[in-house]
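So the chains spell out like this:
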Amino acid sequence: MWDNATIMMLIKETGTTLYMTLTSTFFAYVIGLPMGIFLVITAKDGLRPHPVAYKVLDFIANIVRSVPFLILLMLLIPFTRFVVGKSYGATATIVPLTVAAAPFIARLVESSLLEVDRGVVEAAQSMGASTQTIVWKVFLGEARTSLIAGATIALGTILGYSAMAGAVGGGGLGDVAIRYGYYRYQADIMIVTVVLLVILVQILQFIGTKMSRKLDKRTTG
Amino acid sequence: METIIQVKDVGKTFIGKDNTVEALKGINLEIHRGEIYGIIGMSGAGKSTLVRCLNFLEKPTTGTVMVEGKDLAALPEKELRQARTQISMIFQHFNLLMQRTVLDNVCFPLEITGQKKKEARVRAKELLEVVGLAEKAKAYPAQLSGGQKQRVAIARALANNPKILLCDEATSALDPTTTKSILALLKDINEKYGITIVIITHEMAVVQEICTHVAIIDGGELAETGTVEEVFARPQTPAAKALVFQNGGHYEEMKGKRCIRIVFKENSSFEPVIGNMVLECKAPANILLADTKDIGGVAHGQMILQLPEDEILAEKMIHYLKEKKLEVEELDNYVG
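If you're wondering where the values come from, they're calculated on a predicted model, not measured in any experiment. (Residues numbered from 1 in each chain as written. Chains lettered and ligands numbered in written order. Predicted model: local features only at pLDDT ≥ 70, side-chain atom pairs only at ≥ 80, totals over all residues.)

**Remarks on the overall build of chain B**
Of regular secondary structure, chain B possesses eleven helices and 14 strands. In terms of overall dimensions, chain B is more spread out than a globule: its C-alpha atoms have a radius of gyration of 27 Å, far above the 20 Å expected for 336 residues. Along the first, second and third principal axes, the C-alpha set of chain B runs to 85 × 45 × 40 Å. In chain B, which comprises 336 residues, the proportion classed as buried is 38%. (Helix = DSSP H or I, 4+ residues; strand = E, 2+ residues; numbered from the N terminus. Rg over C-alpha atoms; globule rule 2.2 N^0.38 Å. Buried ≥ 20, exposed ≤ 12 C-beta atoms within 10 Å, placed from the backbone.)

**So, the overall build of chain A**
Looking only at helices and strands, chain A has ten helices and zero strands in total. Dimensions of chain A along its principal axes, counting C-alpha atoms only, are 65 × 45 × 25 Å. Here the contacts in chain A between residues at least 6 apart in sequence split such that 69% fall between residues at least 24 apart. (Contact = placed C-beta atoms within 7 Å.)

**Thoughts on the environment of Asp 71 of chain B**
Residue and element names in this part refer to chain B. Checked against the element boundaries, Asp 71 lands in strand β5 (residues 70–71). As a C-alpha pair, Asp 71 and Ala 290 span 219 residues in sequence and 56 Å in three-dimensional space. Setting aside residues no more than four positions away along its own chain, Asp 71 makes contact with Thr 64 and Met 66.

**Section: unusual backbone geometry**
Residue and element names in this part refer to chain B. The backbone of Glu 169 shows a phi angle near 50 degrees, a positive value even though the residue is not glycine. As for its position among the elements, Glu 169 is in the loop between β7 (164–168) and α6 (176–193). Glu 169 gets classed as buried once you count the C-beta atoms within 10 Å, which come to 20. The residue Lys 282 is not glycine, and still its phi comes out positive at about 55 degrees. Look at Lys 282 and you get exposed, because 8 C-beta atoms sit within 10 Å.

**Considerations on the interface of chain A and chain B**
Counting residues at the interface gives 20 residues for chain A and 18 residues for chain B. Counting only elements with at least two residues in the side of chain A that touches chain B, the list comes to α6 (118–126) and α7 (131–142) of chain A. No other element matches the six residues that α6 of chain A contributes to the side of chain A that touches chain B.

**Some remarks on the confidence of the model for chain B**
The pLDDT averaged across chain B works out to 89; a share of 96% of its residues lies at or above 70. Confidence metrics for the complex model read pTM 0.80 and ipTM 0.87. (pLDDT = per-residue confidence, 0-100.)

**Remarks on helix α10 (residues 187–215) of chain A**
In an α-helix, one turn spans 3.6 residues, which is why side chains three or four residues apart end up on the same side. Residues and elements named next belong to chain A. Counted at 1.5 Å a residue, the expected span for α10 with its 29 residues is 42 Å, and the 42 Å between its end C-alpha atoms agrees. Within α10 the residues assigned to the buried category are Val 192, Thr 193, Leu 197 and Leu 204. On its buried face, α10 sits against α1 (4–42), α8 (144–165) and α9 (173–183). (Expected span 1.5 Å × (residues − 1).)

**Focus: the sheet that holds β5 of chain B**
Residues and elements named next belong to chain B. Taking strand neighbours across the sheet as the criterion, the four strands line up as β2-β1-β4-β5 in an open arrangement whose pairing is antiparallel. A strand with exactly one partner marks an edge of an open sheet, and here the two such strands are β2 (20–32) and β5. Bridge count between strand β1 (residues 3–15) and strand β4 (residues 62–67): five bridges; the pairing is antiparallel. In the sheet register, Val 7 faces β4, and the bridge partner there is Val 65. (Pairing = 2+ DSSP bridges.)

**Quick look at the pairing of strand β9 (residues 213–218) of chain B**
All names here are of chain B. Across the six residues that make up β9, a large majority, six, are buried. Residues His 213, Ala 215 and Ile 217 point to one face of β9 and Val 214, Ile 216 and Asp 218 to the other, with burial holding for every one of them. Relative to β9, strand β3 (residues 36–40) is paired through four bridges, and the arrangement is parallel. The partner of Ile 39 across the bridge, within β9, is Ala 215. As defined by bridge partners, β9 adjoins strand β10 (residues 221–227) across six bridges and the pair is classed as antiparallel. Residue pairing for β10: Ile 217 is matched across the bridge by Leu 222. Where β9 hands over to β10, the hairpin turn is made up of two residues, of which Gly 219 adopts a positive phi near 55 degrees.

**Things to note about the sheet that holds strand β11 (residues 259–264) of chain B**
Residues and elements named next belong to chain B. With antiparallel pairing, four strands are arranged side by side in an open sheet as β12-β13-β11-β14. Pairing within the sheet leaves two strands with one partner each, and these edge strands are β12 (286–295) and β14 (327–331). Between one strand axis and the next, the sheet turns by 10 degrees as a mean value, whatever way the strands run. Across five bridges, the pairing between β11 and β14 is antiparallel. Residue Val 263 lies in a different strand from β14, and its bridge partner there is Glu 327. (Axes fitted to C-alpha atoms, helices over the stretch in contact; angles between N-to-C directions.)

**So, the pairing of strand β13 (residues 298–306) of chain B**
All names here are of chain B. Where β11 lies against β13, six bridges are found, and the strand directions are antiparallel. By the bridge assignment, Phe 264 is partnered in β13 with Gly 301. Bridge analysis of β12 against β13 gives nine bridges, and the strand direction is antiparallel. Across the sheet, residue Ile 287 finds its bridge partner in β13, namely Leu 305.

**Things to note about the nonpolar core**
Core analysis: the largest hydrophobic core is formed by 133 residues, its most contacted members being Ile 105 of chain A together with Ile 39, Val 106, Cys 167, Val 198, Ile 199 and Ile 216 of chain B. Look past the residues within four positions of Val 198 of chain B in its chain and what remains in contact with it is Ile 31, Tyr 37, Ile 39, Val 51, Leu 54, Ile 164, Leu 166 and Cys 167 of chain B. Listed in part, the 15 residues of the second largest apolar core include Cys 259, Ile 260, Ile 262 and Ala 314 of chain B. (Core = buried A, V, L, I, M, F, W, Y, C linked by C-beta atoms within 7 Å.)

**Details of the packing of helix α3 (residues 102–112) of chain B against helix α5 (residues 146–158) of chain B**
Residues and elements named next belong to chain B. α5 packs onto α3 with a crossing angle of 30 degrees between their chain directions and a minimal axis gap of 7 Å. Relative to α5, α3 is oriented roughly parallel. For the pair α3 and α5, the sense of crossing is right-handed. Across the interface between the two elements, Val 102, Asn 105, Val 106, Phe 108 and Pro 109 from α3 touch Val 152, Ala 155 and Arg 156 from α5. Looking at the contact of α3 with α5 residue by residue, the class counts come to six nonpolar, one polar and one charged. (Parallel < 35°, antiparallel > 145°, perpendicular 65-115°, else oblique. Left-handed = near helix turned anticlockwise from the far one by under 90°. Nonpolar A, V, L, I, M, F, W, Y, C, P; charged D, E, K, R; others polar.)

Here you go:
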C-alpha cells in the first residue's frame, strides 16, 4: 500500500479534511458566536432581556442540534446546491458542517459567557459602559480562555463530522476510510486514516490547551 | 449644604414566579455634598437594593431618585450612562477584570469614556500612586491580596473624577486591619477630592469609624436617619438599638421596679459582693448608681440596684446582701 500514489492521496485528503474543518469552524463561529452572545444578553437576567428573541434562538439551537448530522446532510442538499452550485465534494460539505456546528458553537459560547462573574458585569454597568462595550471587553475579554477551550472542542467535533460527511462524497480522510477501508476491505488504509484523524485531533487539542493556558491570568502562578 | 442625592418615596418590588418581595418601601433620603453617609442594616434589609437605586442599576418601582438635580428615571439611556460615570461604585468582592493587569483595570473606565490610550495610562498610573499600589501596575488581580484588590477598585472608581462614590459592603470581605486602612483611604479621598461617599454596611464599627451621617434600614424601610452622634447617643427604634448594641451582644430591658440602696462600710474592697450575689442568685441586678471608694482596703460608699421582677429572687438578693453585712434600704419610686 505504501506506493507513492497512496501516500500522495493520504496527504491530499488530510489537507482536504483540515480545509473542511477549519473553514466550516470559521463560518460556524461567524454565525454561532453572535448567536451565543445574543442568547446571553436576551436571557431573562441578561443585559437586554428579550423573551421572544431568546425563545427563537433557543429553539433554533435545540432543533438543529437534535437532528442527526447525517440526516441534516441529506436535508440540506438543495440548500447546499443553491449556495455552492453542487452537492458533493469538500466545499459542498462545508455548508451542512457549518449549519450543524453553528448552534453547537452558540451553546458553547453561551456557557462560556455565563461563566463570567455577574459582579464584574455589574461593575462595568456602574461605570456607564454600553452593552456593546460590556460584550466586547467584559464578556469576551474575561471568558477568552473558556472560549478557546470551547473552540478546541468545536474543532474536534467538526473534524469528526467531516469524516462522517465522507460517506456521501464529501472527500477528506473519512471518505478515504470508507472507500478503501470499508468498500475495498483495505484495513491497513483504514487504520492509517484513523491514526491520522487521531493525530489531527491531538494537535488541535494541544494547541488549544496551550493557548488557553497562556491567556489565563486568573491563577496566581 | 447642597443636596447631591435626593431619594423620594422610593419603593422597589421584585416580582418572582410565585412570590413578590417588597425590598424597599417609602424611602426618603437626602445626602449632601461632601458627606460620608452610612446606610446600615442587617442582611436582607434592602440596603444593597437601595444603593443600586442610586445609580439605577436597579430601577425603583415607585418614587424618584435625583442626583445633582437630575431625575435618573427621566434620563435617556445614553445620558444615564453619562451620569453613571460620575457615580462610581466599589463592591464587596471587588469585581475586577481578572484577565487584565492592575493598570488596565484602572484604564477600563477611561476606555468607556473614550479617552486616548496613552492619556489613560498616565492617569491610571497617577491613581495607583494615590492608592499606594504603583509598583503593582503590571500584576494581575489574582496575585493581589483582598485589601490590594479593593485599592485597585478604588483607583478604578476614581478614574473619571466622580462626584459620588458608592461603597457596597466594601470592607465586608476584609480583615479588621485591612478594613481600617481602606476606611482611612476613603476618608482621605473624601477630604482631598470632596467626593461624597455613600457606604453600605452591616457593621456599626464602619459607620462609627468614618461616617458623618447614618440611615438605618430595616425590613425595607428607613428606621432612623441623622448624624452618627445623634443616632449613637439616642437610638430610638429597635432596629437602631440592635445595631448600636450589636457588639455588646444581647441586652434585655430590666423590668423590675423595686430598687434598693446599699451602703458599704466595712466590707473588704477585694470582695466582689455584687458579682457574687449575681452568681449566687443566677439573675441580673441592674446597677443604677455606684459611688464607692477604696479606703485602705475597705469599701466605702453606696450603690443603688434595680432588682429583678421576680419577688422570690429579689428577696433572696436582699437576704444575701444583708448576710454580707451591708446596709440595705428599699427605695420607693427611684428615678435615676
